[in-house]
Amino acid sequence: MIRESTTNLNIATELQISGIQKQFGAFTALHDISLNVQKSEFVCLLGPSGCGKTTLLRIIAGLETADRGQIVQTGRDITHASAAERDYGIVFQSYALFPNLTVAKNIAYGLKGRAQDKDRRVIELLELIGLPAIAEKYPAQLSGGQQQRVALARALATSPNLLLLDEPLSALDAQVREHLRGEIKALQQKLGVTTIMVTHDQEEALTMADRIVVMNHGVIEQIGTPAEIYQHPASRFVADFVGHCNWLHAHAVDSHRVRLGEAELNINSETALTAGQNHELFIRPEDIELLPQWRAGEQLALGKLLHLELIGSVYRLRLSVALWAGIELEVVISHRELAQLRFADGQLIPVYLPAEKLRCFAPERAA
Ligand SMILES: Nc1ncnc2c1ncn2[C@@H]1O[C@H](COP(=O)(O)OP(=O)(O)OP(=O)(O)O)[C@@H](O)[C@H]1O
Ligand SMILES: [Mg+2]
């Protein structure tokens, strides 16, 4: 379980979440969640369905109450404040615009003050989301992507210090989703508004977040930048959930060497192996190298091609390697790399596992 220090806070901290616990009957949806979010930071809560992302976001919004723990926003304890007393804007997965109100009225809904000030603010916001001409339209006359931009404008109307987004893109088709990712990120940076976005889409989190909070079964598995999470996953769960992994069940002969089937492999892992024990090693599909020509040496074996498919800009191959206990490996290579390969009889290809790309976690405790 990851705990963030709640000491040494300074004015750069927008949100300080500590020890949040939430039960639904006998079921614990959140166990002791602690997290600090800095001002202007874009944080993604990432995890599989049911891990507690929405529950945490709703607690931050005051739409759900925590059983234990504290939430402080810029120095103010808001743990028991009602939703209306808190300072945030929110966008949900389903558009949730009022269908009987025009776009302008939807955006102005939470605004107070004189009509002309509201009108000016609505124009400003429509320009901000790049849809200046739709003020008098109704939600049903807009595409899904346009509706989500309007929902975003409505959430930002009162200039909140915190923007909460719950899977705002997941109901949209792939192309619109990718486009809006970039737009939301650009808007967030321009306004500098602290943002917490819930998603179960790892690509969305990796491309948009300054920091990712990986959740599983109501606990935080890891907090880190996209590069930290991808390159240094803290657990098997994170390694598998963010990106793909090949897992090798190997026997350690010393602190940096394992036996796998008939061969021995070197590992340059930060975590030393325990000689005489079995370890789960992992390597990313793009870190495995396929060679155009066979040469003898360490970390090398012949793989038999089982399957080859094109996935957009790269190829994905499945190989089985007899020398390494018949393990099946997933490998991702570029078009250029594929063109250089020569498949020998029986579709055999030399496979190289770089020692510095093979990593391991300490053996997991038996459940
Ligand atoms: N009001 C409720 N009553 C009972 N159980 C609930 C309630 N709200 C959420 N849960 C349970 O708490 C767990 C976490 O739910 P939550 O909606 O936070 O998950 P999530 O991570 O947002 O998942 P998804 O990606 O599917 O939206 C789930 O097992 C869910 O069934
Ligand atoms: Mg959810």
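Parameters at a glance
- Residues numbered from 1 in each chain as written.
- Chains lettered and ligands numbered in written order.
- Predicted model: local features only at pLDDT ≥ 70, side-chain atom pairs only at ≥ 80, totals over all residues.
- Heavy atoms only, no water.
- Helix = DSSP H or I, 4+ residues; strand = E, 2+ residues; numbered from the N terminus.
- Contact = heavy atoms within 4.5 Å.
- Domains from an automatic or database assignment.
- Buried area = accessible area lost by both parts, 1.4 Å probe.
- Salt bridge = Lys/Arg side-chain N within 4 Å of Asp/Glu carboxyl O.
- Polar contact = N/O pair within 3.5 Å; in protein donor to acceptor, adjacent residues only side chain to side chain.
- Near = heavy atom within 4 Å.
- Areas by Shrake-Rupley, 256 points an atom, 1.4 Å probe, with all protein chains shown as cover.
- Nonpolar A, V, L, I, M, F, W, Y, C, P; charged D, E, K, R; others polar.
- 1 Å grid on protein atoms, 1.4 Å probe; cavity = no way out; pocket = protein on both sides within 12 Å on 5 of 7 lines; lining within 4 Å.
- Points joined across faces, edges and corners; volume = space filled by probe spheres on them.
- Phe/Tyr/Trp six-rings, centres within 6.5 Å; stacked < 30°, edge-to-face > 60°.
- Buried < 20%, exposed > 50% of the residue type's maximum accessible area, 1.4 Å probe, protein only.
- Lys NZ or Arg CZ within 6 Å of the ring centre and 35° of its normal.

Moving on, we come to the environment of Pro168. Residue placement: Pro168 occurs in the loop between strand S7 (162-166) and helix H5 (174-191). With 103 residues separating them in the primary sequence, Pro168 and Thr65 have C-alpha atoms 23 Å apart. Excluding anything up to four places from it in sequence, Pro168 contacts Val91, Phe92, Gln93, Gln148, Met197 and Val198.

Glancing now at the domain arrangement of the protein chain. With domains assigned, the protein chain is organised as domain 1 (13-241) and domain 2 (246-365). Contact between domain 1 and domain 2 buries roughly 820 Å² in total, counting both sides, with carbon and sulfur atoms accounting for 43%. Run the count over domain 1 and domain 2 and you get one salt bridge. The residue Glu280 makes a salt bridge to Arg236 at a minimum N-O spacing of 3.1 Å. At the surface where domain 1 touches domain 2, the tally comes to six residue pairs in polar contact (both at pLDDT 80 or more). When residues of the side of domain 1 that touches domain 2 are traced back to their parent elements, those giving at least two are helix H7 (226-231) and helix H8 (236-241).

Around ligand 1 sit Phe24, Phe27, Ala29, Pro48, Ser49, Gly50, Cys51, Gly52, Lys53, Thr54, Thr55 and Glu167, and that is every residue in its neighbourhood. The contact in question runs from an oxygen atom of ligand 1 to an N or O atom on the side chain of Lys53, over 2.8 Å. Thr54 is positioned such that a nitrogen or oxygen atom in its side chain is 2.8 Å from an oxygen atom of ligand 1. When ligand 1 is considered free in solution it has 630 Å² of accessible area, and contact with the protein chains removes 58% of it. Of all the elements in the fold, those that place two or more residues in the shell around ligand 1 are strand S2 (27-38) and helix H1 (53-61). It is H1 that contributes the most residues to the shell around ligand 1, three residues altogether. The residue makeup of the shell around ligand 1, split by class, is five nonpolar, five polar and two charged.

Once that is clear, we can look at the layout of surface pockets. By volume, the largest pocket is sized at about 510 Å³. Those elements giving two or more residues to the lining of the largest pocket turn out to be strand S6 (89-91) and helix H4 (144-156). Taken together, the residues that form the lining of the largest pocket break down as 16 nonpolar, four polar and two charged.

What follows concerns the packing of aromatic side chains. For the coordinates displayed, the defined rule picks out three aromatic pairs. Centroid distance Phe237 to Phe241: 5.5 Å. Interplanar angle 15°. Geometry classified as stacked. One end of the pair is Phe237 and the other is Phe241, both in helix H8 and four residues apart, which spans about a single turn. Looking at Phe237, the relative accessible area reads 21%, which means it is partly exposed. Where Trp247 meets Phe282, the ring centres are 5.2 Å apart and the plane angle is 40°; that geometry is what we call tilted. Of this pair, Trp247 sits in strand S11 (residues 246-254) while Phe282 is found in strand S14 (residues 278-283), placing the two residues 35 residues apart along the sequence. No difference in accessibility class separates Trp247 from Phe282, as the two residues are buried. Across the ring face of Trp247, the terminal group of Arg236 is positioned such that the distance to the ring centre comes to 3.9 Å.

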